[in-house]
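Report on the structure
Read off the chains here:
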Amino acid sequence: MSAHDHDHDHAHQAVPSDPALRVKALESLLVEKKLVDRAALDALIDTYEHKVGPRNGARVVARAWANPAYKQRLLADADAAIAELGYGGLQGEHMVVVENTPRVHNLVVCTLCSCYPWAVLGLPPVWYKSAPYRSRSVIDPRGVLREFGLNLPPQVEVRVWDSTAEVRYLVLPERPSGTEHLSEEALAALVTRDSMIGVAKLTPPGQGGRS
Amino acid sequence: MNGVHDMGGMHGMGPIQYEKNEPVFHARWEARTFALLFAMGSWGKWPLDALRHQIELIPPAEYLRMSYYEKWITALAELMVKAGLVTRAEVESGKPALASPQLSPALSVEQVPQMVATGGPTNRDVPAAPRFRTGQRVRARNIHPVGHTRLPRYARGKLGTLARDYGVFVFPDTSAHDLGEQPQHLYSVRFDARELWGEQAAPHDAVYVDLWDDYLEPA
């Protein structure tokens, strides 16, 4: 069988194989059938490119660091506490916040697909959705964390949260030392997306670290 | 189904490819796919569970080869055909059939903020007695449903401790197949890493898995 014949064996793939062409054709069809409105598509894209992203989660974390009563509410009823800051909704309907401490480190994954708390972190990065991260986070979380540059001592308990239902998890990272004088806004600027997934710790201001 | 999507615990997938300063979308077609999926989802013709299952039905070699949004557009086309929103001929030709049924109105730009702010909660305010209690030892059932399930293979048959009762939620195994929501209690179950992976795991580590009543039995 030639490679050409082989291409035609994929009966389910009835649309062009180049995804850009497939999507363009599908969008045109759906617009023509009045099943979608292009302006609504643009608005959805704009929402996740410019409005909903990890800065939302960073503000939640900073508020929890700055305000012990808020932190208590956040850990007890994350949906209500996150709604206080105006966040929630799509892929963040049922939130749970798990707290990192010197003794416990939390890590979030979705082994079955790519569930992620959009309402507070935006859309997930490619690595979070990838087979290497999904397959290994549950069996070798310490190895995964080492790949992210994080070596945890053996006495720290690693808790992996596999998002198998509609509950979405946000990690409350440890507040870095030397930040006692910072405003809530300045604290939020220190909080990275990766620290809220649990693949990074936060470094004190001025010591770098990655997104 | 015991598909390749259920990859927790597998080896050989390679190193994690980290991208610094990653954009939200890597190409415009990814953004369009994202928006199409949600705009079409707003017709209410399929629950999220059915979308997940449609993605699981992509043959394993292709599932592993395809990018995230390629899987989405593939699954979306199938769901729309199954729901009767488009015909296969229309998907193939990109042109509406002459007698194409008209639904209206489509999701409008004015409705987008509300849709994003509300999402699709899957908890249900119906009476359902929990079968298990926080702190109880439970065993994940050793079942291998051929359809959609959210009980990962690595947890089946394993002993855990019920850490938290999240309340009553739609059951994906039936919801995905149009067999009703069968709302039941959803729990966070803590499995010691060594129960799942043996002596190679660190002694104090744990994996928490969200599991419904029907996935569990008393230990």
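Structure first, text after, so check above.
Quick notes on the rules
Residues numbered from 1 in each chain as written. Chains lettered and ligands numbered in written order. Predicted model: local features only at pLDDT ≥ 70, side-chain atom pairs only at ≥ 80, totals over all residues. Heavy atoms only, no water. Helix = DSSP H or I, 4+ residues; strand = E, 2+ residues; numbered from the N terminus. Buried < 20%, exposed > 50% of the residue type's maximum accessible area, 1.4 Å probe, protein only. Areas by Shrake-Rupley, 256 points an atom, 1.4 Å probe, with all protein chains shown as cover. Lys, Arg positive; Asp, Glu negative; His and termini not counted. Charge placed at Lys NZ, Arg CZ, Asp CG, Glu CD. Contact = heavy atoms within 4.5 Å. Buried area = accessible area lost by both parts, 1.4 Å probe. Salt bridge = Lys/Arg side-chain N within 4 Å of Asp/Glu carboxyl O. Polar contact = N/O pair within 3.5 Å; in protein donor to acceptor, adjacent residues only side chain to side chain. Pairing = 2+ DSSP bridges. Phe/Tyr/Trp six-rings, centres within 6.5 Å; stacked < 30°, edge-to-face > 60°. Expected span 1.5 Å × (residues − 1). Disulfide = S-S within 2.5 Å.

Comments concerning the overall build of chain B
What chain B contains, in helices and strands, is eight helices and five strands. The helix and strand sequence of chain B, counted from the amino end, reads α-α-α-α-α-α-β-β-α-β-α-β-β. When each of the 219 residues of chain B is scored for burial, the buried share is 52%. As presented, chain B carries roughly 10100 Å² of accessible surface, and 54% of it is formed by carbon and sulfur atoms. The centroid of the 23 positive side-chain charges in chain B is displaced by 2 Å from the centroid of its 25 negative side-chain charges.

A look at the interface of chain A and chain B
For interface size, the figure often reported is the accessible area lost on association. Counting residues at the interface gives 80 residues for chain A, matched by 92 residues for chain B. Counting each side, the surface lost to burial between chain A and chain B is near 7800 Å², with a carbon and sulfur contribution of 62%. The interface formed by chain A and chain B holds seven salt bridges in total. Salt-bridge contacts for Asp42(A) lead to Arg32(B); the nearest nitrogen and oxygen are separated by 2.7 Å. Run the count over chain A and chain B and you get 33 residue pairs in polar contact (both at pLDDT 80 or more). It is helix α3 (residues 38-51) of chain A that provides the largest number of residues to the side of chain A that touches chain B, a total of 11 residues.

A few points about the pattern of salt bridges
The final tally for this structure, using the stated rule, is 24 salt bridges over all chains. Of the charged contacts, one joins Arg38(A) and Glu27(A) as a salt bridge, the two residues approaching to 2.7 Å between their closest N and O atoms. Of this pair, Arg38(A) sits in helix α3 while Glu27(A) sits in helix α2 (residues 19-32); the two residues are 11 residues apart in sequence, bridging distant segments of the chain. Exposure remark for Arg38(A): the relative accessible area of 39% places this residue in the partly exposed category. Classification of Glu27(A) as buried rests on a relative accessible area of 6%. With a closest N to O distance of 2.7 Å, Asp205(B) and Arg142(A) form a salt bridge. Here the residue Asp205(B) occupies a position in the loop between α8 (193-197) and β4 (206-212), and Arg142(A) occupies one in helix α10 (residues 141-147), the pair thus bridging two chains. Several salt bridges converge on common partners, so that one network encompasses Glu27(A), Arg38(A), Asp42(A) and Arg32(B).

Topic: the pairing of strand β3 (residues 157-162) of chain A
Buried residues dominate β3(A), accounting for five of its six residues. Bridge count for strand β2 (residues 104-109) of chain A against β3(A) is six bridges, and the pairing is parallel. Within β3(A), the position partnered with Asn106(A) by the bridge is Arg159(A). Judged from the four bridges that link them, β3(A) and β4(B) form a sheet pairing that is parallel. Note on β4(B): the bridge partner recorded for Arg159(A) is Ala206(B).

As for the packing of aromatic side chains
Under the defined criterion, the tally for this structure stands at 27 aromatic pairs over all chains. Relative to Phe34(B), the ring of Trp118(A) has its centre 5.6 Å away and its plane inclined at 50°; by these criteria the two rings are tilted. Residue Trp118(A) is found in helix α7 (residues 118-121), and its partner Phe34(B) is found in helix α1 (residues 28-41); the two belong to separate chains. The exposure class assigned to Phe34(B) is buried, which follows from its relative accessible area of 0%. Taking the centre distance of 5.0 Å and the plane angle of 45° together, the rings of Tyr68(B) and Trp72(B) count as tilted.

Observations concerning α3(A)
Between its first and last C-alpha atoms α3(A) spans 19 Å; for 14 residues at 1.5 Å apiece the expected length is 20 Å, and the two agree. For α3(A), the elements touching its buried residues are α2 and α7 of chain A together with α1 and α6 (112-118) of chain B. Two to three positions downstream of the cap, the backbone nitrogen of Ala39(A) sits 2.9 Å from a side-chain oxygen, assigning the N-cap of α3(A) to Asp37(A).

Notes on the state of the cysteines
All names here are of chain A. For the structure shown, the criterion picks out zero disulfides over all chains. With no disulfide of its own, Cys110 lies 3.6 Å from the sulfur of Cys113, the closest cysteine sulfur. The thiol of Cys113 is not disulfide-bonded; the next cysteine sulfur, from Cys115, is found 3.5 Å away. A relative accessible area of 16% means that Cys113 is categorised as buried.

Some remarks on the environment of His5(B)
Take His5(B): it is sitting in the segment before α1. By relative accessible area, which is 2% here, His5(B) ends up buried. Other than its neighbours up to four places away in sequence, His5(B) contacts Thr111(A), Leu112(A), Arg134(A), Glu56(B) and Tyr63(B).

Quick word on α1(B)
End to end, α1(B) covers 20 Å across 14 residues, agreeing with the expected 20 Å (1.5 Å per residue, within 8%). Burial analysis of α1(B) places 12 of its 14 residues in the buried class, which makes it a mostly covered element. Taken as a whole, α1(B) has its buried residues at Trp29(B), Glu30(B), Ala31(B), Arg32(B), Thr33(B), Phe34(B), Ala35(B), Leu36(B), Leu37(B), Phe38(B), Ala39(B) and Met40(B). Where α1(B) is buried, its residues meet α2, α3 and α7 of chain A together with α2 (48-56), α4 (68-82) and α6 of chain B.

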